[in-house]
Amino acid sequence: MSLGTTPGARVSSPACAIIPIELRAGHVILTASVNGATARLILDSGSSVSTLDAEWAAPLSLPTVGGPVMALGTGDPTVTLATVQSIALGDIELGQQTVAIVPLRAASAQSGITLDGTVGRPLFARYVVEIDYARRELRLFEPASYEYTGHGVTVALDLARGVPIMPATIVPRGAPPFPARLVLDIGTSGLGVLFTTPFAITHAAAFDRTFGIEMSNAVGVGGAMTGRVIRLDRLEIGGLSIHAPTAALPRNGAGFFDVTWADGTIGTPIYERTTLIIDYSRSRAILEPGPEINAPFLYDASGLELVPQASGAIAVISVATPSAASDAGIEPDDVVISVDGRPATGERLDAIRESLRTPGETRTFVVARRGRDMRFKVLLRARI
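Residues numbered from 1 in each chain as written. Predicted model: local features only at pLDDT ≥ 70, side-chain atom pairs only at ≥ 80, totals over all residues. Heavy atoms only, no water.

### Details of the overall build of the chain
Scanning the chain from terminus to terminus reveals 8 helices and 33 strands. In the chain, which comprises 384 residues, the share counted as buried stands at 53%. Long-range pairs, those at least 24 residues apart, make up 64% of the contacts in the chain between residues at least 6 apart in sequence. Accessible area for the chain stands at about 16000 Å²; split by element, carbon and sulfur atoms hold 53% of it. (Helix = DSSP H or I, 4+ residues; strand = E, 2+ residues; numbered from the N terminus. Buried < 20%, exposed > 50% of the residue type's maximum accessible area, 1.4 Å probe, protein only. Contact = heavy atoms within 4.5 Å. Areas by Shrake-Rupley, 256 points an atom, 1.4 Å probe, with all protein chains shown as cover.)

Have a look at this one:
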């Protein structure tokens, strides 16, 4: 099968809308209007409903629907359902719908950006959605007139649970392959694949053959997730073979990571190498590989876990041992003043993390420690 990198030809009516997107911390971010109020929303195919941050939504005084309900995230948060009259993306209006009011500030703070909610299933159920990562565009099409004739890989989606689940084949290093049911979740950032705890336990013998490292706390809706990061030999999706993606094996069994109706998620590091087409009307996804499809999957090469503070500064909350950062002398509770001469602020955290993923490069840190400014040169090296 040919996996050309040129966007495929389509015989359809023009796009209903072409909406610019922002890519931050692995998220597709849209500027939207919710009941007339401007909001920054994550595009999230793994969410069965759209969501709004509880703090952001409070001034809107949205009418609630029923009592509190449980939601699946990295924990088991209790959320409130409410009604909004309109969510608009440019000239596209999704109209009245039920949304979940959830605490998103912890997750967005970890990224150094403020996020006000997510756009989930209602958008995907209404339109054929094309996400062109290279062009930073979201394109929406009427399903009835959309016909795809390109060279991407088509994968069937199971939509019975309100989220798209696709079949995949996991090829661990040094072990036979086995099938998996993975949620197509563009809201998952940082790692190529996140497995559920039951699936990780079932295949522990295969995964344990692969060297791994402890992962930093991943904060999401409902709490933090801990576990181990490894590299797979391959991830196969239809006719597309993804080489050496990173994958997480969680230890805690809370929320989504304790379910058995799916085996995990495929996240943004996979999709951002493609133009991704999600077509609920035909229960399919199409992945058009881009020029970076075979590029290495980089992971943190410093050993630092960095988080923004309320002041806008960046703090070191942990340092892996051994690692490039521990060898250089950086310690937990250091406050990062600059990296390579550029000020270290929460707004730049995504770029700083990205700069710490290339083994062999040197980064110069200036940190504040107990009233003193100290300088360290960190020679990055691969950790997995």
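### Looking at the sheet that holds strand S17 (residues 193-195)
The sheet built from 9 strands is open, its strands ordered S18-S21-S24-S17-S25-S16-S15-S22-S23 with mixed pairing. Edge positions in the sheet fall to strand S18 (213-214) and strand S23 (240-243), since each of these pairs with one other strand and no more. Here S17 runs beside strand S25 (residues 264-266); their pairing, made up of 3 bridges, is antiparallel. If you follow Leu194 over to S25, its bridge partner there is Thr265. (Pairing = 2+ DSSP bridges.)

### Things to note about the side chain of Arg383
As for its position among the elements, Arg383 is in the segment after strand S33 (372-379). When its relative accessible area of 18% is taken as the criterion, Arg383 is described as buried. With sequence-adjacent residues up to four places away left out, Arg383 is seen in contact with Phe211, Ile213, Glu214, Tyr299, Asp300, Ala301, Ser302, Gly303 and Ala320.

### Observations regarding the layout of surface pockets
Taken as a whole, the second largest pocket spans an internal volume of roughly 160 Å³. Around the second largest pocket, the lining comprises 16 residues; the ones closest to its centre are Arg231, Pro296, Phe297, Leu298 and Ile384. Grouping the constituent residues of the lining of the second largest pocket by class yields 10 nonpolar, 2 polar and 4 charged. (1 Å grid on protein atoms, 1.4 Å probe; cavity = no way out; pocket = protein on both sides within 12 Å on 5 of 7 lines; lining within 4 Å. Points joined across faces, edges and corners; volume = space filled by probe spheres on them. Nonpolar A, V, L, I, M, F, W, Y, C, P; charged D, E, K, R; others polar.)

### A few points about the sheet that holds strand S14 (residues 153-156)
Pairing is antiparallel across the open sheet formed by 6 strands, whose spatial order is S1-S13-S12-S26-S27-S14. Whereas interior strands pair on both sides, the edge strands pair on one side only; in this sheet they are strand S1 (17-20) and S14. The average angle at which neighbouring strand axes cross in this sheet is 15°, direction not considered. Relative to strand S13 (residues 137-141), S1 runs antiparallel, the two sharing 4 bridges. Note on S13: the bridge partner recorded for Pro20 is Glu137. (Axes fitted to C-alpha atoms, helices over the stretch in contact; angles between N-to-C directions.)

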